[in-house]
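Each chain, written out:
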Amino acid sequence: MASEVIRMVLMGPPGAGKGTQARMLAEDLRVAVVSTGDILRDEVRQATALGKSAKAFMDKGALVPDELVVAMVRNRLGRDDCQRGFVLDGFPRTVEQAQALDAMLEERGEAIGLCISISVPETELVRRLSGRRTCRACGWMCHLLFEPPAKDGVCDRCGGELYQRNDDREEVIKERLGVYQRETAPVLSYYASRGLLREIDGRGSREGVFASIKAELANRRGG
Ligand code: AP5
(Lines give C-alpha, C1' and ligand atoms only; values in the text may rest on other atoms or scores of the structure.)
Protein backbone atom coordinates (compact mmCIF):
# COMPACT_ATOMS: atom_id res chain seq x y z
CA MET A 1 0.00 0.00 0.00
CA ALA A 2 2.87 2.36 0.86
CA SER A 3 3.97 2.78 -2.77
CA GLU A 4 0.47 3.20 -4.23
CA VAL A 5 -0.84 6.70 -4.82
CA ILE A 6 -4.27 7.08 -3.20
CA ARG A 7 -6.57 9.91 -4.20
CA MET A 8 -9.83 9.41 -2.41
CA VAL A 9 -12.91 11.26 -1.25
CA LEU A 10 -14.60 10.56 2.10
CA MET A 11 -18.26 11.51 2.15
CA GLY A 12 -21.09 11.29 4.63
CA PRO A 13 -23.42 13.58 6.56
CA PRO A 14 -22.20 15.76 9.43
CA GLY A 15 -21.11 13.52 12.30
CA ALA A 16 -20.71 10.38 10.15
CA GLY A 17 -17.06 10.14 11.21
CA LYS A 18 -15.30 11.52 8.13
CA GLY A 19 -12.76 13.51 10.12
CA THR A 20 -12.08 10.61 12.50
CA GLN A 21 -11.53 8.16 9.65
CA ALA A 22 -9.54 10.63 7.56
CA ARG A 23 -7.02 11.01 10.39
CA MET A 24 -6.77 7.23 10.84
CA LEU A 25 -6.25 6.76 7.10
CA ALA A 26 -3.61 9.47 6.93
CA GLU A 27 -1.64 7.81 9.69
CA ASP A 28 -2.00 4.38 8.12
CA LEU A 29 -1.37 5.32 4.49
CA ARG A 30 0.94 8.28 5.14
CA VAL A 31 -0.97 10.53 2.80
CA ALA A 32 -2.14 14.10 3.31
CA VAL A 33 -5.61 14.80 4.69
CA VAL A 34 -7.33 17.79 3.16
CA SER A 35 -10.26 18.70 5.41
CA THR A 36 -12.06 21.77 4.08
CA GLY A 37 -13.88 22.22 7.41
CA ASP A 38 -10.57 22.28 9.34
CA ILE A 39 -8.95 24.67 6.85
CA LEU A 40 -11.94 27.01 6.99
CA ARG A 41 -12.05 26.95 10.83
CA ASP A 42 -8.34 27.85 10.80
CA GLU A 43 -9.00 30.76 8.46
CA VAL A 44 -11.81 31.94 10.77
CA ARG A 45 -9.52 31.70 13.82
CA GLN A 46 -6.85 33.74 12.05
CA ALA A 47 -9.47 36.26 10.83
CA THR A 48 -8.18 36.15 7.25
CA ALA A 49 -10.29 37.60 4.41
CA LEU A 50 -11.45 34.07 3.54
CA GLY A 51 -12.22 33.33 7.20
CA LYS A 52 -14.29 36.50 7.54
CA SER A 53 -16.30 35.63 4.40
CA ALA A 54 -16.79 32.01 5.48
CA LYS A 55 -17.78 32.52 9.13
CA ALA A 56 -21.37 33.65 8.61
CA PHE A 57 -22.10 30.68 6.33
CA MET A 58 -20.50 28.19 8.71
CA ASP A 59 -22.19 29.51 11.85
CA LYS A 60 -25.63 29.00 10.35
CA GLY A 61 -24.79 25.59 8.86
CA ALA A 62 -24.82 26.73 5.22
CA LEU A 63 -22.19 25.88 2.62
CA VAL A 64 -19.43 28.36 1.90
CA PRO A 65 -19.72 29.48 -1.78
CA ASP A 66 -18.18 27.06 -4.29
CA GLU A 67 -15.71 29.53 -5.80
CA LEU A 68 -14.08 30.25 -2.40
CA VAL A 69 -13.77 26.58 -1.45
CA VAL A 70 -12.59 25.43 -4.89
CA ALA A 71 -9.80 28.05 -4.94
CA MET A 72 -8.77 27.01 -1.42
CA VAL A 73 -8.62 23.31 -2.38
CA ARG A 74 -6.72 24.02 -5.60
CA ASN A 75 -4.12 25.83 -3.55
CA ARG A 76 -3.95 23.05 -0.94
CA LEU A 77 -3.64 20.21 -3.46
CA GLY A 78 -0.75 22.04 -5.11
CA ARG A 79 1.39 21.60 -2.00
CA ASP A 80 4.19 19.01 -1.91
CA ASP A 81 2.56 16.70 0.63
CA CYS A 82 -0.33 15.98 -1.79
CA GLN A 83 1.92 14.68 -4.56
CA ARG A 84 1.92 11.22 -2.94
CA GLY A 85 -1.86 11.15 -2.76
CA PHE A 86 -4.51 12.57 -0.47
CA VAL A 87 -7.74 11.92 1.41
CA LEU A 88 -10.39 14.60 0.93
CA ASP A 89 -12.67 15.13 3.95
CA GLY A 90 -15.67 17.43 3.42
CA PHE A 91 -14.97 18.16 -0.25
CA PRO A 92 -16.59 18.03 -2.75
CA ARG A 93 -19.95 18.99 -1.29
CA THR A 94 -21.79 20.04 -4.43
CA VAL A 95 -21.82 18.61 -7.94
CA GLU A 96 -20.15 21.83 -9.11
CA GLN A 97 -17.29 21.23 -6.63
CA ALA A 98 -16.96 17.62 -7.87
CA GLN A 99 -16.71 18.82 -11.47
CA ALA A 100 -14.16 21.48 -10.52
CA LEU A 101 -12.11 18.86 -8.66
CA ASP A 102 -12.08 16.54 -11.69
CA ALA A 103 -11.04 19.43 -13.93
CA MET A 104 -8.17 20.52 -11.66
CA LEU A 105 -6.89 16.95 -11.33
CA GLU A 106 -7.16 16.36 -15.05
CA GLU A 107 -4.84 19.32 -15.65
CA ARG A 108 -2.26 17.40 -13.58
CA GLY A 109 -2.94 14.05 -15.30
CA GLU A 110 -4.58 12.75 -12.10
CA ALA A 111 -8.02 11.47 -11.09
CA ILE A 112 -10.01 10.43 -8.02
CA GLY A 113 -9.70 6.66 -7.55
CA LEU A 114 -12.32 5.99 -4.89
CA CYS A 115 -15.20 7.69 -3.06
CA ILE A 116 -16.26 6.19 0.28
CA SER A 117 -19.61 7.25 1.69
CA ILE A 118 -20.16 6.63 5.42
CA SER A 119 -23.83 6.18 6.44
CA VAL A 120 -25.15 6.71 9.97
CA PRO A 121 -28.82 7.16 11.03
CA GLU A 122 -29.88 10.73 11.78
CA THR A 123 -30.66 10.22 15.48
CA GLU A 124 -27.13 8.92 16.00
CA LEU A 125 -25.62 11.85 14.05
CA VAL A 126 -27.41 14.36 16.28
CA ARG A 127 -26.24 12.49 19.40
CA ARG A 128 -22.63 12.42 18.20
CA LEU A 129 -22.48 16.08 17.20
CA SER A 130 -24.29 17.62 20.15
CA GLY A 131 -21.88 15.94 22.60
CA ARG A 132 -18.70 16.49 20.58
CA ARG A 133 -15.91 18.53 22.10
CA THR A 134 -12.72 19.37 20.18
CA CYS A 135 -9.29 20.45 21.41
CA ARG A 136 -8.31 23.93 20.26
CA ALA A 137 -4.63 22.99 20.29
CA CYS A 138 -4.36 19.52 18.70
CA GLY A 139 -7.82 18.79 17.21
CA TRP A 140 -8.42 15.70 19.41
CA MET A 141 -12.15 14.91 19.69
CA CYS A 142 -14.16 13.37 22.49
CA HIS A 143 -17.81 13.04 23.45
CA LEU A 144 -19.32 14.26 26.72
CA LEU A 145 -21.38 11.07 27.19
CA PHE A 146 -19.67 8.28 25.22
CA GLU A 147 -16.02 9.09 25.95
CA PRO A 148 -15.78 11.99 28.38
CA PRO A 149 -12.39 13.62 28.97
CA ALA A 150 -10.61 12.68 32.20
CA LYS A 151 -10.82 16.31 33.31
CA ASP A 152 -13.71 18.63 32.41
CA GLY A 153 -12.86 20.95 29.50
CA VAL A 154 -9.27 19.66 29.17
CA CYS A 155 -7.83 17.59 26.30
CA ASP A 156 -6.62 14.13 27.39
CA ARG A 157 -3.88 14.19 24.76
CA CYS A 158 -2.21 17.59 25.15
CA GLY A 159 -3.92 19.44 28.01
CA GLY A 160 -5.38 22.02 25.58
CA GLU A 161 -8.80 23.62 25.96
CA LEU A 162 -11.84 21.65 24.76
CA TYR A 163 -14.53 23.66 22.99
CA GLN A 164 -17.87 23.12 21.30
CA ARG A 165 -17.95 24.07 17.61
CA ASN A 166 -20.37 26.94 16.87
CA ASP A 167 -22.18 24.71 14.38
CA ASP A 168 -22.65 21.84 16.86
CA ARG A 169 -25.68 23.46 18.50
CA GLU A 170 -28.83 21.41 17.92
CA GLU A 171 -30.66 23.91 15.67
CA VAL A 172 -27.57 24.33 13.45
CA ILE A 173 -27.04 20.55 13.32
CA LYS A 174 -30.56 20.16 11.87
CA GLU A 175 -29.79 22.77 9.23
CA ARG A 176 -26.50 21.06 8.29
CA LEU A 177 -28.30 17.73 7.90
CA GLY A 178 -30.85 19.38 5.57
CA VAL A 179 -28.09 21.01 3.53
CA TYR A 180 -26.41 17.62 3.20
CA GLN A 181 -29.56 16.04 1.77
CA ARG A 182 -30.29 18.91 -0.61
CA GLU A 183 -26.83 19.88 -1.84
CA THR A 184 -24.35 17.10 -1.09
CA ALA A 185 -26.30 13.84 -1.55
CA PRO A 186 -26.37 14.41 -5.37
CA VAL A 187 -22.56 14.14 -5.35
CA LEU A 188 -23.00 10.44 -4.42
CA SER A 189 -24.76 9.84 -7.76
CA TYR A 190 -21.94 11.72 -9.51
CA TYR A 191 -19.37 9.22 -8.19
CA ALA A 192 -21.72 6.21 -8.49
CA SER A 193 -22.19 6.92 -12.20
CA ARG A 194 -18.39 6.80 -12.60
CA GLY A 195 -18.15 3.46 -10.75
CA LEU A 196 -16.15 5.05 -7.90
CA LEU A 197 -18.67 4.98 -5.02
CA ARG A 198 -18.53 2.49 -2.13
CA GLU A 199 -20.96 2.75 0.80
CA ILE A 200 -19.87 1.88 4.34
CA ASP A 201 -21.99 1.36 7.46
CA GLY A 202 -20.68 3.95 9.94
CA ARG A 203 -22.52 2.64 13.03
CA GLY A 204 -19.81 0.36 14.39
CA SER A 205 -16.74 1.24 16.39
CA ARG A 206 -14.12 3.57 14.86
CA GLU A 207 -11.86 0.56 14.32
CA GLY A 208 -14.68 -1.45 12.69
CA VAL A 209 -15.48 1.39 10.27
CA PHE A 210 -11.79 1.78 9.55
CA ALA A 211 -11.51 -1.93 8.72
CA SER A 212 -14.41 -1.62 6.26
CA ILE A 213 -12.71 1.28 4.50
CA LYS A 214 -9.43 -0.61 4.33
CA ALA A 215 -11.27 -3.59 2.83
CA GLU A 216 -12.69 -1.34 0.09
CA LEU A 217 -9.21 0.01 -0.62
CA ALA A 218 -7.89 -3.53 -0.87
CA ASN A 219 -10.75 -4.54 -3.25
CA ARG A 220 -9.95 -1.58 -5.41
CA ARG A 221 -6.30 -2.63 -5.63
CA GLY A 222 -7.34 -6.15 -6.51
CA GLY A 223 -9.86 -4.93 -9.09
P1 AP5 B 1 -17.01 20.12 8.24
O2 AP5 B 1 -16.01 20.45 9.26
O3 AP5 B 1 -16.62 19.36 7.02
O4 AP5 B 1 -18.22 19.45 9.01
P5 AP5 B 1 -19.22 18.27 8.64
O6 AP5 B 1 -19.18 17.69 7.27
O7 AP5 B 1 -20.52 18.82 9.06
O8 AP5 B 1 -18.66 17.09 9.40
P9 AP5 B 1 -18.22 17.03 10.91
O10 AP5 B 1 -16.82 17.50 11.06
O11 AP5 B 1 -19.24 17.68 11.80
O12 AP5 B 1 -18.37 15.48 11.16
P13 AP5 B 1 -17.48 14.27 10.66
O14 AP5 B 1 -18.23 13.45 9.66
O15 AP5 B 1 -16.10 14.69 10.28
O16 AP5 B 1 -17.46 13.43 11.98
P17 AP5 B 1 -16.33 13.36 13.12
O18 AP5 B 1 -15.25 12.42 12.69
O19 AP5 B 1 -15.95 14.72 13.55
O20 AP5 B 1 -17.71 21.45 7.70
C21 AP5 B 1 -18.13 22.48 8.56
C22 AP5 B 1 -18.67 23.65 7.75
O23 AP5 B 1 -17.62 24.18 6.91
C24 AP5 B 1 -19.82 23.33 6.78
O25 AP5 B 1 -21.08 23.35 7.41
C26 AP5 B 1 -19.65 24.46 5.75
O27 AP5 B 1 -20.17 25.67 6.23
C28 AP5 B 1 -18.14 24.60 5.65
N29 AP5 B 1 -17.57 23.75 4.59
C30 AP5 B 1 -16.68 22.73 4.77
N31 AP5 B 1 -16.38 22.16 3.60
C32 AP5 B 1 -17.10 22.81 2.66
C33 AP5 B 1 -17.23 22.66 1.26
N34 AP5 B 1 -16.58 21.71 0.59
N35 AP5 B 1 -18.06 23.52 0.60
C36 AP5 B 1 -18.73 24.49 1.25
N37 AP5 B 1 -18.66 24.67 2.59
C38 AP5 B 1 -17.84 23.83 3.29
O39 AP5 B 1 -17.17 12.63 14.26
C40 AP5 B 1 -18.26 13.28 14.90
C41 AP5 B 1 -18.35 12.81 16.37
O42 AP5 B 1 -18.64 11.43 16.40
C43 AP5 B 1 -17.05 13.00 17.17
O44 AP5 B 1 -17.36 13.31 18.50
C45 AP5 B 1 -16.38 11.63 17.09
O46 AP5 B 1 -15.55 11.40 18.20
C47 AP5 B 1 -17.59 10.70 17.07
N48 AP5 B 1 -17.38 9.48 16.30
C49 AP5 B 1 -16.71 9.34 15.12
N50 AP5 B 1 -16.75 8.06 14.70
C51 AP5 B 1 -17.48 7.38 15.65
C52 AP5 B 1 -17.91 6.02 15.77
N53 AP5 B 1 -17.59 5.09 14.84
N54 AP5 B 1 -18.64 5.70 16.85
C55 AP5 B 1 -18.99 6.64 17.79
N56 AP5 B 1 -18.62 7.93 17.73
C57 AP5 B 1 -17.88 8.29 16.65
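Treat the numbers as computed from the prediction; the structure is a model and nothing was measured.

Definitions and cut-offs
- Sequence positions are assigned chain by chain, starting from 1 and proceeding in written order.
- Under the rules for a predicted model, residues below a pLDDT of 70 receive no local features and side-chain atom pairs below 80 are neither given nor counted, while totals for whole chains, interfaces and linings still include all residues.
- Where side-chain values are given, they derive from all heavy atoms of the structure, hydrogens and water being excluded.
- Pairing between strands requires that DSSP locate at least two bridges from one strand to the other.
- The helix and strand labels rest on DSSP assignments: H or I over at least four residues marks a helix, E over at least two residues marks a strand, and numbering proceeds from the N terminus.
- In this description, a line fitted to the C-alpha atoms serves as the axis of each element, helices being fitted only across the stretch in contact, and the angle between N-to-C directions of two axes falls anywhere from 0 to 180 degrees.
- Aromatic pairs are defined between Phe, Tyr and Trp rings, using the six-membered ring for Trp, whenever the two ring centres lie within 6.5 Å; interplanar angles under 30 degrees are classed as stacked, those over 60 as edge-to-face, and all others as tilted.
- With a 1.4 Å probe rolled over the protein chains alone, any residue whose accessible area is under 20% of its type maximum counts as buried; one over 50% counts as exposed, and the rest are partly exposed.
- For a ring to carry a charge above it, either NZ of a lysine or CZ of an arginine must fall within 6 Å of the ring centroid while also lying within 35 degrees of the normal to the ring plane.
- Contacts between residues were defined by any pair of non-hydrogen atoms, one from each residue, lying within 4.5 Å.
- Candidate patch residues must exceed 30% relative accessible area and have no salt bridge, after which like charges are joined if within 9 Å and Val, Leu, Ile, Met, Phe, Trp or Tyr side chains if within 5 Å.
- Computed with a 1.4 Å probe, the accessible areas rest on the Shrake-Rupley method; for each residue, only the protein chains presented here act as cover.
- Salt bridges are defined by distance alone: a side-chain nitrogen of Lys or Arg within 4 Å of a carboxyl oxygen of Asp or Glu.
- Near is defined per residue: the residue qualifies when any heavy atom it owns lies within 4 Å of the molecule or strand.
- Polar contacts, as counted here, are pairs of nitrogen or oxygen atoms within 3.5 Å of one another; within protein the pair requires one atom able to donate a hydrogen and one able to accept it, and residues that are adjacent in sequence qualify only if both atoms are side-chain atoms.
- Each residue is assigned to one of three groups, with Ala, Val, Leu, Ile, Met, Phe, Trp, Tyr, Cys and Pro labelled nonpolar, Asp, Glu, Lys and Arg labelled charged, and all others, Gly among them, labelled polar.

Colleague: So, the sheet that holds strand β2 (residues 32–35): which residues are in play, and what are the values?
Modeller: Here we have five strands laid out as an open sheet, ordered β2-β3-β1-β4-β8, and parallel in their pairing. Each having just a single partner strand, β2 and β8 (197–201) make up the two edges of the open sheet. Neighbour-to-neighbour, the strand axes of the sheet open up by a mean angle of 20°, direction not taken into account. Sheet topology note: the strand β1 (residues 6–11)/strand β3 (residues 85–89) ladder contains five bridges and is parallel. Along β3, the bridge assignment pairs I6 with G85.

Colleague: For the packing of aromatic side chains, give the residues involved together with the corresponding values.
Modeller: Scanning the model with the defined rule gives one aromatic pair in all. Judged by centre distance (5.3 Å) and plane angle (90°), the ring pair of Y190 and Y191 falls under edge-to-face. Residue class for Y190 comes out buried when judged on its relative accessible area of 9%. Classification of Y191 as buried rests on a relative accessible area of 1%. Over the aromatic face of Y163 sits the side chain of R136, whose NZ or CZ is 4.3 Å from the ring centroid. Over the aromatic face of Y190 sits the side chain of R194, whose NZ or CZ is 3.6 Å from the ring centroid.

Colleague: Account for the sheet that holds strand β5 (residues 132–135), naming residues and giving values.
Modeller: The three strands lie next to each other as β6-β5-β7, forming an open sheet whose pairing is antiparallel. Sheet topology places β6 (141–143) and β7 (162–163) at the edges, where each strand pairs with a single neighbour. Strand direction decides the pairing type here: β5 and β7, joined by two bridges, are antiparallel. Bridging from a neighbouring strand, C135 pairs with L162 of β7. Across the sheet, helix α6 (residues 122–130) touches β5 and β6, and the angle it forms with β5 is around 40°.

Colleague: Report on a nonpolar patch on the surface, specifying residues and quantitative values.
Modeller: A cluster of nonpolar side chains, contributed by L144, L145 and F146, occupies part of the molecular surface with about 320 Å² of accessible area. With respect to the secondary-structure elements, L145 resides in the loop between β6 and β7. Take L145: its relative accessible area is 68%, and that puts it in the exposed class.

Colleague: Which residues make up unusual backbone geometry, and what are the values?
Modeller: Cis rather than trans, the peptide bond between F91 and P92 has omega equal to 0°. Along the chain, the position of P92 falls in the loop between β3 and α5 (95–107). Non-glycine residue A47 carries a positive phi angle of around 55°. Tracing the backbone shows A47 in the loop between α2 (36–45) and α3 (49–59). Under the relative-accessibility criterion, A47 is labelled partly exposed at 40%.

Colleague: Which residues make up the pairing of β5, and what values do they have?
Modeller: For a regular strand, side chains alternate in direction, first toward one face of the sheet and then toward the other. Burial along β5 is two-sided: R132 and T134 facing one way and R133 and C135 facing the other are all buried. As paired elements, β5 and β6 share three bridges and run antiparallel to each other. Considered in β6, the bridge of R133 is made with C142. Linking β5 back to β6 in an antiparallel pair, the connection comprises five residues, with G139 at a positive phi of about 85°.

Colleague: Give a description of the site of the ligand that names residues and reports values.
Modeller: Residues in close proximity to the ligand total 33 residues, the closest being T20, A62, R93, R132 and R176. The backbone of G19 places a nitrogen or oxygen atom 2.8 Å from an oxygen atom of the ligand. In this structure, an oxygen atom belonging to the ligand sits 2.5 Å away from a side-chain N or O atom of R93. Starting from 1,000 Å² of accessible surface for the ligand in isolation, the protein chains cover 95%. Elements represented by at least two residues in the shell around the ligand include exactly α1 (18–29), α2, α6 and β6. When residues in the shell around the ligand are grouped by element, the largest group, four residues, is from α2. Tallied by class, residues from the shell around the ligand come to 13 nonpolar, 10 polar and 10 charged.

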